[in-house]
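Chain residues, written in single-letter form:
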There are 2 protein chains.
Amino acid sequence: MPKFNVKDINEMNKIFRLNLINSCTGFKSANLIATKSNDNISNVAVFSSVTHLGSNPPLLGFILRPQINERQTYTNIKSTGFYTINHINSSIIDKAHMSSAKYPATVSEFDITGLTEQYENNFHAPFVAESHVKIGMKYLEEYSITANGTILMVGEIVHLLIDENILKNDGWLDLENADTCIISALDTYSKTKKLKRYEYSKPYTELKEIEG
Amino acid sequence: MPKFNVKDINEMNKIFRLNLINSCTGFKSANLIATKSNDNISNVAVFSSVTHLGSNPPLLGFILRPQINERQTYTNIKSTGFYTINHINSSIIDKAHMSSAKYPATVSEFDITGLTEQYENNFHAPFVAESHVKIGMKYLEEYSITANGTILMVGEIVHLLIDENILKNDGWLDLENADTCIISALDTYSKTKKLKRYEYSKPYTELKEIEG
């Protein structure tokens, strides 16, 4: 059974470590984050770190590495205050992955990849038309992680656009119907198949499944 | 097409909002975080917020809500400095979900759920024996999110234990072989099916798939 300790990890080949450490957290959310500069140049890039922070107020976070090609996302969010989060589905995994290449700030990854900008409710940032779940975000706070210089960006949901046949009566989204994909490591896209939905777990009480 | 703005979200029924906002980020990593108190009472709970922060040094983060039943995880990490992150696979989704119930601090969720504690390399925190990918973590930093009082916990990987037939030659983990599951909303567990693995994306260059 492969075992690695901190010394093994530090001494690894760089690419091997990149693949291993990026794989080891399990599957990750697959989203496109889109912004538009004050000069009206749009930007879209794939992110696998979008994380739920709370429901009331509705807050989401994601991790940025501002020293690389995520810089434009950071600059646009800080200067305009707005961004969108859009689910990646199986029909756009190639375009999503293309958006992760390092293009100059003067180039829109929407033009390069063929993804379609969608504007709603006079919201400054573009939504990705091809996504079936789209979130309009207002920037709130940033936290610089001392240990490695990454940044946790915190924002509030101000718009939520959901295609038909995804929203259920109790607010639960059928992400399989949305064809929402997931990412593993840096480069791998998968689809999903539901196993079980459970009721809220109570102490010393048998687990109940929610059907349908 | 269902559309919600910030006012709609604020005025929603609480359960509807909880389901909707917890669904809207897409699928989430499915992990069990295990700790042991200084009094040797072990604790294990399901977390869907484990996030990659960086490969060198190998850093992971996760989000805690210390006011609810994640309090024991927080207390044990802060007092002992160590925890483990263990992938949830399809054979333990019921036990994983059971661990999310509110048990008193004197009770070990290992005993309640039937999950098995595994100790390795004199590491203080227990690993979950049933997991096929297990990570030993050293606590580094915490960040309190002003907007809602949640906490980002940051730690460094110090041990990585991987079952057979998961690690590939280039460090990439085949998480489908690991039977690693994913979570959506608060209560739904799914398995995955790989669509494509791509090479690193370069500007103005056709995307190449990595086979196998």
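These notes cover the structure that comes with them. Just so we're clear, the structure is a prediction, and the values are computed from it rather than from any experiment.

### Looking at the interface of chain A and chain B
Part 1: Facing 106 residues of chain A, the contacting portion of chain B comprises 106 residues.
Part 2: Surface buried jointly by chain A and chain B totals about 9000 Å² across both partners, of which 64% is contributed by carbon and sulfur atoms.
Part 3: Applying the counting criterion to the chain A and chain B interface returns four salt bridges.
Part 4: Arg-197 of chain A serves as the salt-bridge partner of Asp-187 of chain B, at 3.1 Å between the closest nitrogen and oxygen.
Part 5: Where chain A packs against chain B, one counts 57 residue pairs in polar contact (both at pLDDT 80 or more).
Part 6: Top contributing element to the side of chain A that touches chain B by residue count: strand β13 (residues 188–197) of chain A, with 10 residues.
Part 7: By the bridge criterion, nine bridges tie β13 of chain A to strand β13 (residues 188–197) of chain B in an arrangement that is antiparallel. Looking across to β13 of chain B, one finds that Lys-191 of chain A is bridged to Lys-193 of chain B.

### Digging into unusual backbone geometry
Residue and element names in this part refer to chain A.
Part 1: The linkage connecting Asn-56 with the following residue, Pro-57, adopts the cis geometry, with an omega of 5°.
Part 2: Relative to the helices and strands, Pro-57 resides in the loop between β5 (51–55) and β6 (58–64).
Part 3: Positioned with a positive phi, Tyr-204 is a non-glycine residue whose angle comes to about 55°.
Part 4: Topologically, Tyr-204 is positioned in the segment after β13.
Part 5: Judged by its relative accessible area of 60%, Tyr-204 falls in the exposed class.

### A word on the sheet that holds β13 of chain B
Part 1: Judged by pairing direction, the sheet is antiparallel, and its six strands sit side by side in the order β2(A)-β12(A)-β13(A)-β13(B)-β12(B)-β2(B) without closing on themselves. Unpaired on one side and paired on the other, β2 (28–29) of chain A together with β2 (28–29) of chain B mark the two borders of the sheet.
Part 2: Summarising the sheet, strand β12 (residues 182–184) of chain A and β13 of chain A pair through three bridges and their orientation is antiparallel. Bridge assignment links Ile-182 of chain A to a residue of β13 of chain A, and that residue is Ser-190 of chain A.

### Side note on the relation of the copies chain A and chain B
Part 1: When chain A is brought onto chain B, the operation consists of a screw motion whose angular component is 180° and whose axial shift is 0.0 Å, with 0.0 Å RMSD remaining. What the rotation and shift describe, once combined, is the action of a two-fold rotation axis. Taking C-alpha positions as the reference, the residue of chain A nearest the rotation axis is Thr-192 of chain A, at 2.2 Å.
Part 2: Interface overlap between copies: 100% of the residues of chain A at the interface are likewise at the interface in chain B, consistent with a symmetric, same-surface contact.

### Observations regarding the pattern of salt bridges
Part 1: Counting across every chain of the model gives 12 salt bridges over all chains.
Part 2: A salt bridge links Arg-197 of chain A to Asp-170 of chain A; its shortest N-O distance comes to 3.1 Å. Placement of the pair is Arg-197 of chain A in strand β13 and Asp-170 of chain A in the loop between β11 (151–162) and β12, with a sequence separation of 27 residues.
Part 3: The closest approach of N and O atoms between Glu-176 of chain B and Lys-193 of chain B, which form a salt bridge, is 3.8 Å. Linking Glu-176 of chain B in the loop between β11 (151–162) and β12 (182–184) with Lys-193 of chain B in strand β13, this pair joins segments that are 17 residues apart in sequence.
Part 4: The class for Lys-193 of chain B is partly exposed, based on a relative accessible area of 48%.
Part 5: Where salt bridges share partners, they join Asp-170 and Arg-197 of chain A together with Asp-187 of chain B into one cluster.

The rules we used
- Residues numbered from 1 in each chain as written.
- Chains lettered and ligands numbered in written order.
- Predicted model: local features only at pLDDT ≥ 70, side-chain atom pairs only at ≥ 80, totals over all residues.
- Heavy atoms only, no water.
- Contact = heavy atoms within 4.5 Å.
- Buried area = accessible area lost by both parts, 1.4 Å probe.
- Salt bridge = Lys/Arg side-chain N within 4 Å of Asp/Glu carboxyl O.
- Polar contact = N/O pair within 3.5 Å; in protein donor to acceptor, adjacent residues only side chain to side chain.
- Helix = DSSP H or I, 4+ residues; strand = E, 2+ residues; numbered from the N terminus.
- Pairing = 2+ DSSP bridges.
- Buried < 20%, exposed > 50% of the residue type's maximum accessible area, 1.4 Å probe, protein only.
- Least-squares fit on C-alpha atoms with pLDDT ≥ 70 in both.

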